[in-house]
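# Structure assessment
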Amino acid sequence: MQVNVSGLKDIKEGEEVVLNGWLQEIRILKNISFIVLRDHTGTIQITSKPGLTTGYDVLSQMTRETVISVSGNLTRKTQSKSGVEVIAKSIEVLNASKSPLPLGIIDPVSADIETRLTNRFLDLRKPEVAMIFRIESELLWGMRQFFHDSDFVEVHTPKIVAAATEGGADLFPVQYFEKQAYLNQSPQLYKEMLISAGLNRVFEVGPAFRAEKHNTPRHLNEFTSIDIEMGFADHNDAMLMLQEGIKSGIRHLIAHRQEYIASLSQRIDVPEGDFPKITYRDCITKLESQGEIAKFGEDFTPEQLKIIGGEFQGFYFITEWPSSLRAFYTHPKPGDEKVSNSFDLQYREFEITSGAQRVHDPAMLEERLRSKNLNPEDFSFYLNAFRYGMPPHAGWGLGLERLSLIMLNLQNIREAILFPRDRTRITP
RNA sequence: GCCCCGGUAGUGUAGUGGCCUAUCAUACGGGCCUGUCGAGCCCGUGACUCGGGUCCAAAUCCCGGCCGGGGCGCCA
């Protein structure tokens, strides 16, 4: 019977099993040999002896990470520390591995992130590395379910676009036949058009591209953005949806994959209660009381965000950002138009999400475009959607890799994406 | 865009002008070992990012290229 390593717990003493996987370690002694076989569920010791095992004589030629198929009998009457092993009847090589490995899977010496990324297929064989993506998958699944259950439609908008989302530079140009096009930095404009289209609530999980030449542990040039937009809603509705979306993702992870959580060195809990909120102005007051120079209309430095983040446990919102700091589509706060109905979701010094109530009045939108030195004519495909009945609406965009980064306490965002696109890397 | 730091065996490192015929670990190859499990012990293979320059002498100093890490800006 073919089983995974994790399935061995249900196998009776002496029963014959077939295991497929990678040869993680091999130790050949004079009259007995041990192999540690690894599959995607775990590792198991395979014991073989001359005369008992077909293929014993070629064991000494087997290299680490060779793909093998083992058949044998499970026994728990073993001296192995794991308390269970398989006595091999036969060991077959399905595909040999070259040696030496460019990156050891279980070596005591750790490799640099660069070496790991250029050999990512080997790096990902480490269970703790693969676990990042298993957890990310579960978090995302839980969030997807939440949005579906909350009447959102999952959509897919173009990644090749004609105009800049927010008018700025920092886009990757692409040649689109005879036209100049760009990789989209955000699905923002399309999400909003779908509100005019009457879909009412949309969400999208997809790539976003930023041509910023940054080289930091928290930026990628291609990342995965979880975006939502909701009609007949404001920034407070959007914040609630964000809070509940994240909670649902974590709740799903905990409910369905306790074994993942157990393998981690840190705890993951569903945050209790509402995420606290602090206004931009209150942040400034707080910083000034600590001797920091923080001027209205300027973004916080990473150092300042550490100070603010130190006031909160886990997630918190910074709300009411100056209108001058936000994109043109951000709705001003009625009666206090220097600030906006906007928010960032933060975790310590990390910005996870940016969102807002959006401008829905076409005249105000044009004015806002002009105030940002953008030409409304360049946005006519977008502005048209506002001229024939656009509901008030709000939404946000969340960086999936940043969410993984903070949930798993990773030191570098490149850890949270399979094949990072950073300042210089376009392979693998 | 600005600034800082780095590149030595497959991997990770030591080394700051002569003592380097380059350290150590791990990996790899061979040997010993009836049960290992971070196996152990013995032997061995294996490296100074590239191109110029300074100097009697360069892994080490200088210039440039390439590659990488980080800080700021900007942002998810």
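A few words on the overall build of chain A. Regarding its fold elements, chain A presents 11 helices and 18 strands. The principal-axis extent of the C-alpha atoms belonging to chain A is close to 85 × 55 × 40 Å. The proportion of buried residues among the 428 residues of chain A is 49%. Split by element, the accessible area of chain A, about 21,100 Å² in all, is 51% carbon and sulfur. Side chains of chain A carry 48 positive and 57 negative charges; the gap between the two charge centres is 5 Å.

We now examine a nonpolar patch on the surface. A surface patch of nonpolar side chains, about 350 Å² in accessible area, is lined by I160, Y176 and F177. Examined against the element boundaries, Y176 turns out to sit in strand 8 (residues 173–176).

Let us now look at the nonpolar core. In this structure, F147, I246, F315, W396, L398, L403 and M407 are the most contacted members of the largest nonpolar core, which totals 51 residues. When residues in this core are grouped by element, the largest group, nine residues, is from helix 3 (residues 127–149). Once residues within four sequence positions are removed from consideration, L398 is found in contact with M143, T224, S225, I226, L242, I246, I352, T353 and L403. One finds L8, L19, I35 and L37 within the second-largest nonpolar core, a separate group that totals 21 residues.

Once that is clear, we can look at the side chain of Q45. Position of Q45 relative to the elements: it lies in strand 3 (residues 42–48). A distance of 3.2 Å separates the side chain of Q45 from the side chain of E85, its partner in a polar contact. The contacts of Q45, once residues within four sequence positions are left out, are F34, I35, S80, E85 and V86.

Reading around the circumference, 1-2-3-5-4 is the order of the five strands in this closed barrel, with mixed pairing throughout. Within the sheet, the average angular offset between the axes of one strand and its neighbour, ignoring direction, is 50 degrees. Judged from the three bridges that link them, strand 3 and strand 5 (residues 85–95) form a sheet pairing that is parallel. From the neighbouring strand, Q45 faces strand 5, where its bridge partner is E85.

What follows concerns the sheet that holds strand 7 (residues 160–161). Strands sit in the order 7-9-8 across an open sheet of three strands; the sheet is antiparallel. Since the sheet does not close on itself, it has two edges, and those belong to strand 7 and strand 8, each with one partner. Where strand 7 lies against strand 9 (residues 179–183), two bridges are found, and the strand directions are antiparallel. Residue pairing in the sheet places V161 in a bridge with Y182 of strand 9.

Before going further, it helps to examine unusual backbone geometry. Negative phi is the rule for most residues except glycine; trans is the rule for most peptide bonds. Look at the link from S99 to P100: it is a cis peptide, with omega at -5 degrees. Residue T427 is joined to P428 through a cis peptide bond whose omega torsion reads -10 degrees. Following the sequence through the fold, P428 ends up in the segment after helix 11 (400–407). Phi is positive for F232, close to 55 degrees, though the residue is something other than glycine. If you trace the backbone, F232 turns up in the loop between strand 11 (222–231) and helix 5 (235–256). The backbone of N373 shows a phi angle near 60 degrees, a positive value even though the residue is not glycine. Within the secondary structure layout, N373 lies in the loop between helix 9 (362–371) and helix 10 (380–383).

Right, let's talk about the protein's contact with RNA strand B for a bit. Surrounding RNA strand B, one finds 52 residues, the nearest of these being Q45, Q79, T115, I352 and T424. At the protein interface, 59% of the atoms of RNA strand B within 4 Å belong to sugar or phosphate. Contact distances for RNA strand B include 3.5 Å between a sugar or linking oxygen and a side-chain N or O atom of E114. Where the surface near RNA strand B is concerned, the elements lending two or more residues are strand 1 (16–28), helix 1 (113–118), strand 17 (350–357) and strand 18 (393–399). Of the residues forming the surface near RNA strand B, the biggest block, four residues, is contributed by strand 17. Looking at side-chain class alone, the surface near RNA strand B contains 15 nonpolar, 19 polar and 18 charged residues.

Summed over all chains, the structure comprises 19 aromatic pairs. Between the aromatic rings of Y190 and F381, the centroid separation amounts to 6.2 Å while the plane-to-plane angle is 35 degrees, which identifies the pairing as tilted. Taken as a pair, Y190 in helix 4 (residues 188–196) and F381 in helix 10 lie far apart in primary sequence, 191 residues in all. With a centroid separation of 5.4 Å and 50 degrees between ring planes, the pair formed by Y280 and W321 is classed as tilted. Highlighted residues: Y280 in helix 7 (residues 280–289) and W321 in the loop between strand 13 (315–319) and strand 14 (332–333), separated in sequence by 41 residues.

How each quantity is defined
- Residues numbered from 1 in each chain as written.
- Chains lettered and ligands numbered in written order.
- Predicted model: local features only at pLDDT ≥ 70, side-chain atom pairs only at ≥ 80, totals over all residues.
- Heavy atoms only, no water.
- Helix = DSSP H or I, 4+ residues; strand = E, 2+ residues; numbered from the N terminus.
- Buried < 20%, exposed > 50% of the residue type's maximum accessible area, 1.4 Å probe, protein only.
- Areas by Shrake-Rupley, 256 points an atom, 1.4 Å probe, with all protein chains shown as cover.
- Lys, Arg positive; Asp, Glu negative; His and termini not counted.
- Charge placed at Lys NZ, Arg CZ, Asp CG, Glu CD.
- Patch = residues over 30% accessible without salt bridge, like charges linked within 9 Å, V, L, I, M, F, W, Y side chains within 5 Å.
- Salt bridge = Lys/Arg side-chain N within 4 Å of Asp/Glu carboxyl O.
- Core = buried A, V, L, I, M, F, W, Y, C linked by side-chain atoms within 4.5 Å.
- Contact = heavy atoms within 4.5 Å.
- Polar contact = N/O pair within 3.5 Å; in protein donor to acceptor, adjacent residues only side chain to side chain.
- Pairing = 2+ DSSP bridges.
- Axes fitted to C-alpha atoms, helices over the stretch in contact; angles between N-to-C directions.
- Near = heavy atom within 4 Å.
- Nonpolar A, V, L, I, M, F, W, Y, C, P; charged D, E, K, R; others polar.
- Phe/Tyr/Trp six-rings, centres within 6.5 Å; stacked < 30°, edge-to-face > 60°.

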